[in-house]
Structures are given as structure tokens and as C-alpha cells.
Amino acid sequence: MKRLIQNGTIVTASDTYKADLLIEGETIAQIGQQLAVQGVDEIIDASGCFVFPGGIDPHTHLDMPFGGTVTKDDFETGTIAAAYGGTTTIIDFCLTEKEKPLHTAIEAWHKKAAGKAAIDYGFHLMIGEINEAVLNELPAIVSTEGISSFKVFMAYKHVFQADDATLFETLTKAKELGALVMVHAENGDVIDYLTKQALKEGKTAPIYHALTRPVEAEGEATGRACQLASLAQSQLYVVHVTCQEAVQQIAEARKQGADIWGETCPQYLVLDESMLRKPGFEGAKYVWSPPLREKQHQDALWKALKTGALQTIGSDQCSFDFAGQKDLGINDFTKIPNGGPIIEDRFSLLYSEGVAKGRIGLNEFVDLVSTRAAKLFGLYPKKGCIAVGADADIVLFDPQAERVLSARTHHLAVDYSAFEGMRVKGTPRTVLSRGKVIVRDQTYVGTPGEGAFLKRARYGELWTNDLVGQR
Ligand code: URP
Ligand code: ZN
Ligand code: ZN
Ligand code: ZN
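The structure displayed is predicted, hence computed values, not measured ones.

Thresholds, definitions, all that
Residues numbered from 1 in each chain as written. Chains lettered and ligands numbered in written order. Predicted model: local features only at pLDDT ≥ 70, side-chain atom pairs only at ≥ 80, totals over all residues. Helix = DSSP H or I, 4+ residues; strand = E, 2+ residues; numbered from the N terminus. Rg over C-alpha atoms; globule rule 2.2 N^0.38 Å. Buried ≥ 20, exposed ≤ 12 C-beta atoms within 10 Å, placed from the backbone. Core = buried A, V, L, I, M, F, W, Y, C linked by C-beta atoms within 7 Å. Contact = placed C-beta atoms within 7 Å. Pairing = 2+ DSSP bridges. Axes fitted to C-alpha atoms, helices over the stretch in contact; angles between N-to-C directions. UniProt positions renumbered as here; feature names shortened; annotations may be inferred. Right-handed = clockwise from strand over helix to strand, strands pointing away.

1. What about the overall build of the protein?
Consideration 1: Tallying secondary structure elements over the protein gives 13 helices and 21 strands in all.
Consideration 2: By the compact-globule yardstick of 23 Å for 471 residues, the protein fits well, its C-alpha radius of gyration being 21 Å.
Consideration 3: Counting every position in the protein, which comprises 471 residues, the buried fraction comes to 55%.

2. A short note on the nonpolar core
Consideration 1: By size, the foremost hydrophobic cluster in this structure holds 143 residues, and its most contacted members are Val-51, Val-181, Val-183, Ala-225 and Val-238.
Consideration 2: Per element, the largest residue contribution to this core is 7 residues, and it comes from helix H12 (residues 362–376).
Consideration 3: Those residues within four positions of Val-238 in sequence are excluded, and the remaining contacts are Val-183, Ala-185, Thr-222, Ala-225, Ala-246, Ile-250, Gly-262 and Glu-263.

3. A word on the sheet that holds strand E17 (residues 312–313)
Consideration 1: One open sheet holds the 8 strands; their spatial order is E8-E11-E12-E13-E14-E15-E16-E17, and the pairing between them is parallel. Looking at strand neighbours, the two that pair on one side only are strand E8 (55–60) and E17, the edges of this open sheet.
Consideration 2: Bridging between E8 and strand E11 (residues 87–94) involves 4 bridges; their strand directions are parallel. Note on E11: the bridge partner recorded for Ile-56 is Thr-89.
Consideration 3: Set on the sheet, helix H8 (residues 244–255) makes contact with strand E15 (236–238) and strand E16 (260–264); between it and E16 the angle comes to about 155 degrees.
Consideration 4: Strands E8, E11 and E17 of the sheet are contacted by helix H11 (residues 346–355), whose axis makes an angle of about 115 degrees with E8.

4. What to know about the UniProt feature "domain: Amidohydrolase-related" (unreviewed entry) in the protein
Consideration 1: According to UniProt, the feature "domain: Amidohydrolase-related" (unreviewed entry) maps to residues 50–437 in the numbering used here.
Consideration 2: Secondary structure across residues 50–437 comprises 35% helix and 19% strand; the distance between its end C-alpha atoms is 16 Å.

5. A word on the pairing of strand E12 (residues 120–126)
Consideration 1: Across the 7 residues of E12, 7 count as buried, placing the element largely inside the fold.
Consideration 2: The side-chain alternation of E12 yields two buried faces, one formed by Asp-120, Gly-122, His-124 and Met-126 and the other by Tyr-121, Phe-123 and Leu-125.
Consideration 3: Alignment of E11 against E12, held across 6 bridges, turns out to be parallel. The residue bridging Cys-94 from the neighbouring strand is Leu-125, located in E12.
Consideration 4: Crossover connection from E11 via helix H2 (residues 102–113) to parallel E12: handedness right-handed.
Consideration 5: Judged from the 2 bridges that link them, E12 and strand E13 (residues 149–153) form a sheet pairing that is parallel. Within E13, the residue paired with Met-126 across the bridge is Lys-151.

Listed below in C-alpha cells is the structure:
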């Protein structure tokens, strides 16, 4: 099958230019001016559109058990919504359980995704403890299973939280194996103390979720993780950075030459702590960990994206219905399942609030939404770029179209939108995943299950043809 994309403006992390793009099968075969139409099966007109590499969302939680319930969106609804939103690759967090083989969790995650995913996907592996069994399993997980990133939680005491020794050993091992260690950086012990105090004082409303997870707890944990990574001479990626205090720690460590990266999420760029004070229980819709911050932190985050202190945008997609799931915490904010729906809007929100408002450039946008994640997570140059030989994961994006975000029109299963009523400029029109049109003129035309599991290269290694063969 040959497809030709004509009349578009190709935008990569480095260049913007008008050219045609020929796709043969799953990959990009040619880029050039007025490419021949002979033998082409389908011509796609991209007039007025940017031709972007498909978005890469390095942070999703689909079909994930949490707080006595399971996320509303699974690998089918979540990845279809992602495709509508211009994302063609996700990396989801595989949660492990202590004293159980890591492999059990990996197999469980494969089962959740197989036959359902509409776009390509990889897994990060949560590390909750380090012992002989874990150390024995890890090398093959990186080299054979293609899971080259680990996740350590410094918060969620008694649930996911690991201690500093576990984090340090994970960093050390990751250095040896060529994996990137990701941290949820909040001081879980202090948060545990503060939440118990709040409940004792009868403070049960959603806003206390934010007030018991102060910026200092995030800044401290971020700094601690940076120091431990430096001590281990390892590589670190801080997920969902929300505040100036954490940005400062990352920027300082990078200035010292540490191999440290930071991600933020659209919710922290456009929403703020006041949302948790909405009347009644409405604030529960905006319960994320770390929490939404006071408005001035948004400026700090935009500045960090602009100056390169933060380099990626994850969604942290983790959706729970307002009715029937979030309300588990109606009498106690600690029981509100954490997280929100965002996988579909990540790409458009960053474009609209970032590019259209002049905060970031077009090429910076591509780097943030796609290319940098491909490089950090062992997918580049197969993913995250428009180049001959790369997978034809492509988004035709109409920068002039405007629309209003709403639960009435989104494609997630969850019953609310955290961005209800927000007007965005620019929208993905047509999306290709490995050469196949999966969204045509804003209608999903793919088949769930077409998404493939991605075995990723080791940290810092280029994606090689050998690995493509194994996919
Ligand atoms: O509130 C959040 N972020 N929920 C998802 C789990 C996590 O901490 O990333
Ligand atoms: Zn396996
Ligand atoms: Zn987290
Ligand atoms: Zn998360």
C-alpha cells in the first residue's frame, strides 16, 4: 500500500518546510517536492495542515487498579481517544507487587493491552523493592522484553512507596543495564503525616488533598532523587513536575552536568489549585498527585519548558468517573482516586496554550510532544520524527480549527472532562499509525488491537533495525 500526503507543511523538532511525503507500507519512503503519483493507492490532501510526527505520550495509566477501583479507561478507549488527539504511541506503567515475580506483572499488562490497543505502546516497569529475585529478573526485562525504563514512587506510603535504598539501588542497577529511572517525587512520609493531621482536624474536603501535599514535599523529594542519581552516576527522569521548587532542583542538577530530565503535564500548565475549591464535591475531579498548584507555578513551568529545564509533556492519563469512583472519597479526601482524563487533549492543549499563544515555538512543540520522549525512551528514530525509514506515524493538524473541549464530545469512557468548556485552537484532523489511516477527518476508522507492543532500545542507544525486527 502506497500513500502520498500532499500540500502539507512538515514540522519536525528541527525544521519546518513544505513537501510531499510518500508512505510505503508502514514506513516513510520518500520526502520531496511534487512526488510522482503513479502507483500511489491513496492521496491525502494536507492543504492548510501541519504534518507532525505522531505524539508520544510517555506517561499513561490505562486499566490500572488504584484505591480500590480501576481506571475507567482501558487500553481500548484510552488509545482510541489518544489517536483522536494526535498521539500514536504511549508508554504505560506496569505496576508490580512486592514478593511477586516482576514477570507476572508484565504478563498481566500484556494481557490488558493485547487485542485492544489502537496505537503502538510500550511499558515502564514499577520497582517497589530490590532483592535477589528482582535483580535476577531485571537484565532480561531490559534486553529481551524491551522494557528499558523503571519507575520508583517516593510517595503513596503503604501502597507504592519505595524507600531511598530501593531508589538508590534501582539507579545503580539501571546504570549497569541501560535503563532510565523515573520517579514520582513527593515526600510520602511527610504527606502521610500531614494527611493524618488533617483528618484528625476534620478536614475531609478535596482541597485538603492539595494542602497536605505542599510544594516543599515535591521540591525536597525531587532534590533528593537528583542527589541520589548523581551519587549513582545514573540517569533520572522526574515525572509530572508541578512547581518552581522542583524545577529549581532539576535545573541545578543539570547545570552540574547530571543526566536528569523532567516532564510536566498539561493540567499543571493550565489548571490551578482553586479548582479543588469548587462547590460541593466538584473539586474531586481535579485531584491529582502531585496536586494542582497556585497559579504562579504555571509561569515557572512554561519558563522551564522554554529554557529546557523540563523537556517532555506526559499526560498522566488516569481517569476515574466522577459518579461512582471519585465519590469513594466523598467523606475523606484520602479516598478519592487520584488522577484525571487527559490523554486525548495533551497534544491540542500544548499546541493551543503553547504555540498559538506564543509561549513555545512550533519545533519546540514537536520536541516536547513527541521527539524528546522517543529519544529518552529508546524509540528514536523509528518514532518521534519524520524521516525516510521512520514509522509513518503522522498527524495532519489544522492550526486554524477551533473547538471546545467537553465530556460530551471526547472519546474517553470517563464521565467528565477536567477541561470542560475550554476553547482550543488547532485540532488533529487525520492520523496515521504505521502507514495506516486510523483517524480520518476526525473519525476513528482503525481497529482496536492494531497497536503493537514496542520493544525499546536501552537508554541512550539508537533504535536499531534488529529491534524493529523483533517487534
Ligand atoms: O494523580 C495521579 N498522578 N495519578 C496517577 C498515578 C501517579 O502518581 O502518576
Ligand atoms: Zn515475558
Ligand atoms: Zn505519579
Ligand atoms: Zn502517573
